[in-house]
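Below, each chain spelled out in residue letters.
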Amino acid sequence: MLQAVEELTTAVGTATACAALEMSRATVYRRRRPKLRAPRTPLSPAWALSPREKQDILRMLHSERFVDVSPAEIVAVLLDEGVYVCSERTMYRLLEQAGEVRERRAVARHVRYAAPELVAEQPNREWSWDITKLKGPGKWNYFCLYAILDISSRYMVGWTVALRESADLAETLIAATCEKQGIKPGQLTIHADRGSAMTSKSVSQLLADLDVTRTHSRPHVSNDNP
């Protein structure tokens, strides 16, 4: 529309062209006027600290007298001596600009544990075992299913059902399963969570005697087995 107004203006004038095309003359004149905007420079207040004053304040904060003192205490001490340098907030701002403001308390850091990964290239190389609760015939009645799974073939190489969790039962099951499958020293890696039976001394000693590598999941996870 503006282009049509400009083309018609050369013949009949701006007012007539705008009236014919029902275009506001103010809009046409505003579009013709170039936009000249001078670059805006940030205004600095008259009371702002100069670079030299900022360096002097940082030098004071680094001094032996105030190096281990908080800005709030520094302001209070200087006021007691009749001296005012700057506000507490200004001190914090200068320290932040210098990268010297951080948490100095002993804060717990949450470590991200890498999920264990077992690559099963062939059967009887990587096993995973666990104890699962099975509902019994009555209320509050449960059985414990001890199950050893070959990760490669998904074959249940060993299992047993008992009335309770026991490290002795786990030790017997693992030893019998290794003998049944013909596991040789250094051949097998067995994975488990961190249950009491899995981390017991008797099971750990058995795996060490059989030269079986053991791995455990990181704690407090639901997907602890492959």
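Details of the structure are given in the entry above.
Residues numbered from 1 in each chain as written. Predicted model: local features only at pLDDT ≥ 70, side-chain atom pairs only at ≥ 80, totals over all residues. Heavy atoms only, no water.

Asker: Hey, could you run me through the overall build of the chain in this one?
Answerer: Looking only at helices and strands, the chain has eight helices and five strands in total. What you see in the chain, going N to C, is helices and strands ordered as α-α-α-α-α-α-β-β-β-α-β-α-β. Here the C-alpha atoms of the chain give a radius of gyration of 40 Å, more than 25% beyond the 17 Å that 2.2 N^0.38 yields for 226 residues. Once the C-alpha set of the chain is aligned to its principal axes, its extents read approximately 105 × 75 × 45 Å. (Helix = DSSP H or I, 4+ residues; strand = E, 2+ residues; numbered from the N terminus. Rg over C-alpha atoms; globule rule 2.2 N^0.38 Å.)

Asker: In this structure, what is going on with the sheet that holds strand 5 (residues 213–216)? I would like to understand it.
Answerer: Read from one edge of the open sheet, five strands run 3-2-1-4-5, paired in mixed fashion. With partners counted over all chains shown, the strands left at the sheet margins are strand 3 (156–162) and strand 5, one partner each. On average, each strand axis in the sheet is inclined to that of its neighbour by 20°, with strand direction left out of account. Where strand 4 (residues 189–192) meets strand 5, four bridges bridge the pair, whose relative direction is parallel. Counted as the bridge partner of Thr189 is Thr213 from strand 5. Packed on one face of the sheet, helix 7 (residues 167–181) meets strand 1 (126–135), strand 2 (142–150), strand 3 and strand 4 and runs near 150° to strand 3. (Pairing = 2+ DSSP bridges. Axes fitted to C-alpha atoms, helices over the stretch in contact; angles between N-to-C directions. Contact = heavy atoms within 4.5 Å.)

Asker: Please explain the nonpolar core as it appears in this structure.
Answerer: Grouped burial of nonpolar side chains is what soluble globular proteins tend to show. Ranked by internal contacts, the top residues of the largest apolar core, which has 22 residues, are Trp127, Trp129, Ile131, Tyr146, Ile148, Ile174 and Ile190. Mapped onto this core, the elements with two or more residues apiece are strand 1, strand 2, strand 3, helix 7, strand 4 and helix 8 (201–209). Broken down by element, the residue count for this core peaks at four residues, all from helix 7. In terms of nonpolar packing, the next biggest core, distinct from the first, is built from twelve residues, Ile74, Leu78, Leu94 and Leu95 among them. (Core = buried A, V, L, I, M, F, W, Y, C linked by side-chain atoms within 4.5 Å. Buried < 20%, exposed > 50% of the residue type's maximum accessible area, 1.4 Å probe, protein only.)

Asker: When you look at the packing of helix 5 (residues 71–80) against helix 6 (residues 88–97) in this model, what are you seeing that I'm missing?
Answerer: The description of two helices packed together rests on the angle between their axes and the distance between the axes. Packing of helix 5 against helix 6 leaves a shortest axis separation of 9 Å and a crossing angle of 135°. If you check the angle between helix 5 and helix 6, you find them oblique. Between helix 5 and helix 6 lies a crossing of right-handed hand. Taking contact as the criterion, the partners of Pro71, Ala72, Ile74 and Val75 in helix 5 are, on helix 6, Glu88, Met91, Tyr92 and Leu95. Taken together, the residues of the contact of helix 5 with helix 6 sort by class into seven nonpolar, no polar and one charged. (Parallel < 35°, antiparallel > 145°, perpendicular 65-115°, else oblique. Left-handed = near helix turned anticlockwise from the far one by under 90°. Nonpolar A, V, L, I, M, F, W, Y, C, P; charged D, E, K, R; others polar.)

Asker: Would you mind going over the pattern of salt bridges with me for this structure?
Answerer: For side chains of opposite charge, pairing can occur when their charged atoms come near one another. For the structure on display, the rule yields two salt bridges. Residues Arg65 and Glu81 are paired through a salt bridge, measuring 2.3 Å at the closest nitrogen-oxygen approach. Taken together, the residues span a long stretch of sequence, with Arg65 in the loop between helix 4 (51–61) and helix 5 and Glu81 in the loop between helix 5 and helix 6 at a distance of 16 residues. Residue classification places Arg65 among the partly exposed positions, given a relative accessible area of 47%. Accessibility expressed as a relative area gives 44% for Glu81, which makes it partly exposed. (Salt bridge = Lys/Arg side-chain N within 4 Å of Asp/Glu carboxyl O.)

Asker: For this particular structure, what's the right way to read empty space enclosed by the protein?
Answerer: By rolling a water-sized probe across the atoms, one finds the places where empty space is left. Enumeration over the complete set of coordinates arrives at one cavity of 30 Å³ or more. Each pocket or cavity is described by its volume, and for the largest cavity that value is around 40 Å³. The wall of the largest cavity is formed by Trp129, Ile190, His191, Ala192, Met198, Val203, Leu207, Arg214, Thr215 and His216. Residue assignment for the lining of the largest cavity shows that the elements contributing at least two residues are strand 4, helix 8 and strand 5. Counted by class, the lining of the largest cavity contains six nonpolar, three polar and one charged residues. (1 Å grid on protein atoms, 1.4 Å probe; cavity = no way out; pocket = protein on both sides within 12 Å on 5 of 7 lines; lining within 4 Å. Points joined across faces, edges and corners; volume = space filled by probe spheres on them.)

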